[in-house]
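# Structural overview
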Amino acid sequence: MTGSAPADEGGTTGLRSVGVTRVHGRTMLEHIGGPAKVRELAELFHAAVLDDDLLHDMFARGSRNHALHLSHFLEEIMGGRRLYTDLHDGVRGLFEAHKNLHITEDQRRRFIEILLSLLDLTDFPGDDRFRTGFSARVEQGSHFSKNLSQPGAEPLDPWPPVGTWDW
């Protein structure tokens, strides 16, 4: 399915209407201000990890399109369009992107630290519900990526859907 046109199940907004947690009628993506905010966060994050002594080499060796891929992933899991699934093959693509990176615990923690530090810089909402939900999901996802990156990590069978974050 890689390379196919992204599904727009929610009409003009691109938001999905089913399988998405809404708080006060809004998805996490709507709560933060939409896809442009996700793109801003992903671009700043990518620049920050390239400047970081611990993460630089890993991200410099990775895809030049990492910021775009990360924004597609974040948009999808926050209740937006299924861009990561449709354009990057979902969890299978996530596995391939992290395969044999040998992510260490220190790198995993630094990834989280940098990403969370950028929330204020990008004017993401500061409410406890959002920050707690976002932080918990980033923590969970970072463990998943670290595990996928280890030598001998086996592909999942079947591949789970990317899904969306509860908050």
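Presented here is an overview of the structure given in this document. Position labels on residues start from 1 in each chain and follow its written sequence. With the structure being a predicted model, the display of local features is reserved for residues of pLDDT at least 70 and the display and counting of side-chain atom pairs for 80 or more, all residues being used for whole-chain, interface and lining totals. Each side-chain value is worked out from all heavy atoms of the structure, with water and hydrogens disregarded.

### Description of the overall build of the protein
- The helix and strand inventory of the protein stands at eight helices and zero strands.
- Secondary structure counts use DSSP, requiring at least four H or I residues in a row for a helix and at least two E residues in a row for a strand, with both numbered from the N terminus. Its helices and strands taken in sequence order, the protein reads α-α-α-α-α-α-α-α from the N to the C terminus.
- Within the protein, the proportion of its 167 residues that are buried is 41%.
- Calculation of accessible area relied on Shrake-Rupley with a 1.4 Å probe; when residues are assessed, cover is drawn exclusively from the protein chains displayed. Looking at the protein as shown, the accessible area adds up to about 8900 Å², and 51% of this sits on carbon and sulfur atoms. Burial classes: relative accessible area under 20% of the type maximum marks a residue as buried, over 50% as exposed, and values in between as partly exposed (1.4 Å probe, protein chains only).

### A few points about the side chain of Gln 107
- As for its position among the elements, Gln 107 is in helix α7 (residues 105-121).
- Residue Gln 107 is classed as buried on the basis of its relative accessible area of 13%.
- We define a polar contact as two N or O atoms separated by no more than 3.5 Å, with the added condition that, inside protein, one atom must be a possible hydrogen donor and the other a possible acceptor, whereas residues neighbouring each other in sequence contribute only through side-chain atom pairs. For Gln 107, the side chain forms a polar contact with the main-chain nitrogen of Thr 104, separated by 2.9 Å.
- Excluding residues within four positions of it along the chain, Gln 107 makes contact with Leu 54, Leu 55, Met 58 and His 102. We call two residues contacting when some pair of their heavy atoms lies within 4.5 Å.

### As for unusual backbone geometry
- The omega torsion across Asp 157 and Pro 158 is 0°, close enough to zero to call that bond cis.
- Mapping Pro 158 onto the fold places it in the segment after α8 (128-148).
- Although it is not a glycine, Asp 89 sits at a positive phi angle of roughly 70°.
- Position of Asp 89 among the secondary structure elements: in the loop between α5 (83-88) and α6 (90-98).
- Unusually for a residue other than glycine, Asn 100 sits at a positive phi of about 60°.
- With respect to the helices and strands, Asn 100 occurs in the loop between α6 and α7.

### What about the packing of aromatic side chains?
- Side-chain rings of Phe, Tyr and Trp (the six-membered ring for Trp) are treated as a pair once their centres are within 6.5 Å; stacked means planes under 30 degrees apart, edge-to-face means over 60, and tilted covers the remaining angles. Using the criterion set out here, one finds eight aromatic pairs in the structure.
- Ring geometry for Phe 124 versus Phe 130: centroids 6.1 Å apart, planes at 40°, classification tilted.
- Residue Phe 124 is classed as buried on the basis of its relative accessible area of 5%.
- Seen from their ring centres, Phe 130 and Phe 134 are 5.5 Å apart, and the 35° between their planes marks the pair as tilted.

### A look at the environment of His 66
- With respect to the helices and strands, His 66 occurs in helix α4 (residues 66-77).
- In this structure the C-alpha to C-alpha distance between His 66 and His 46, which are 20 residues apart in sequence, comes to 7.2 Å.
- With residues near it in sequence (within four places) discarded, His 66 still touches Phe 45, His 46 and Phe 59.
- A polar side-chain atom of His 66 sits 3.2 Å from a polar atom in the side chain of His 46.

### Considerations on the packing of helix α2 (residues 35-50) against α7
- At a minimum axis separation of 10 Å, α2 and α7 run at an interaxial angle of 135°. Classified by the angle between their axes, α2 and α7 sit oblique to one another. Crossing angle aside, the handedness with which α2 passes α7 is right-handed. Residues Leu 41, Leu 44, Phe 45, Ala 48 and Val 49 of α2 touch α7, and the partners they reach there are Phe 111, Ile 114, Leu 115, Leu 118, Leu 119 and Leu 121.
- Polar here means any residue outside two lists: the nonpolar Ala, Val, Leu, Ile, Met, Phe, Trp, Tyr, Cys and Pro, and the charged Asp, Glu, Lys and Arg; Gly therefore counts as polar. Class assignment of the residues belonging to the contact of α2 with α7 gives a composition of eleven nonpolar, no polar and no charged. Note on definitions: angles span 0 to 180 degrees between N-to-C directions of axes, and those axes are lines fitted to C-alpha atoms, for helices only across the stretch in contact. Angles below 35 degrees are treated as roughly parallel, those above 145 as roughly antiparallel, those between 65 and 115 as roughly perpendicular, and all remaining angles as oblique. By convention, the crossing between two helices is left-handed when the near helix turns anticlockwise from the far helix through less than a right angle, and right-handed when the turn is clockwise.

### Here we look at the layout of surface pockets
- A volume near 950 Å³ is recorded for the largest pocket.
- Contributing to the lining of the largest pocket are 38 residues, with Phe 73, Leu 94, His 98, Gly 141 and Ser 145 lying nearest its centre.
- Of all the elements in the fold, those that place two or more residues in the lining of the largest pocket are α3 (56-61), α4, α5, α6, α7 and α8.
- The element that contributes the greatest number of residues to the lining of the largest pocket is α8, accounting for eight residues.
- Residues belonging to the lining of the largest pocket are distributed by class as follows: 21 nonpolar, 14 polar and three charged. Residues are said to line a cavity or pocket when one of their atoms sits within 4 Å of a point; the points come from a 1 Å grid over protein atoms alone, cavities being sets where a 1.4 Å probe fits but cannot get out and pockets being open sets with protein on both sides within 12 Å along at least five of seven lines. Grid points are joined across faces, edges and corners, and a volume is the space filled by probe spheres set on the points.

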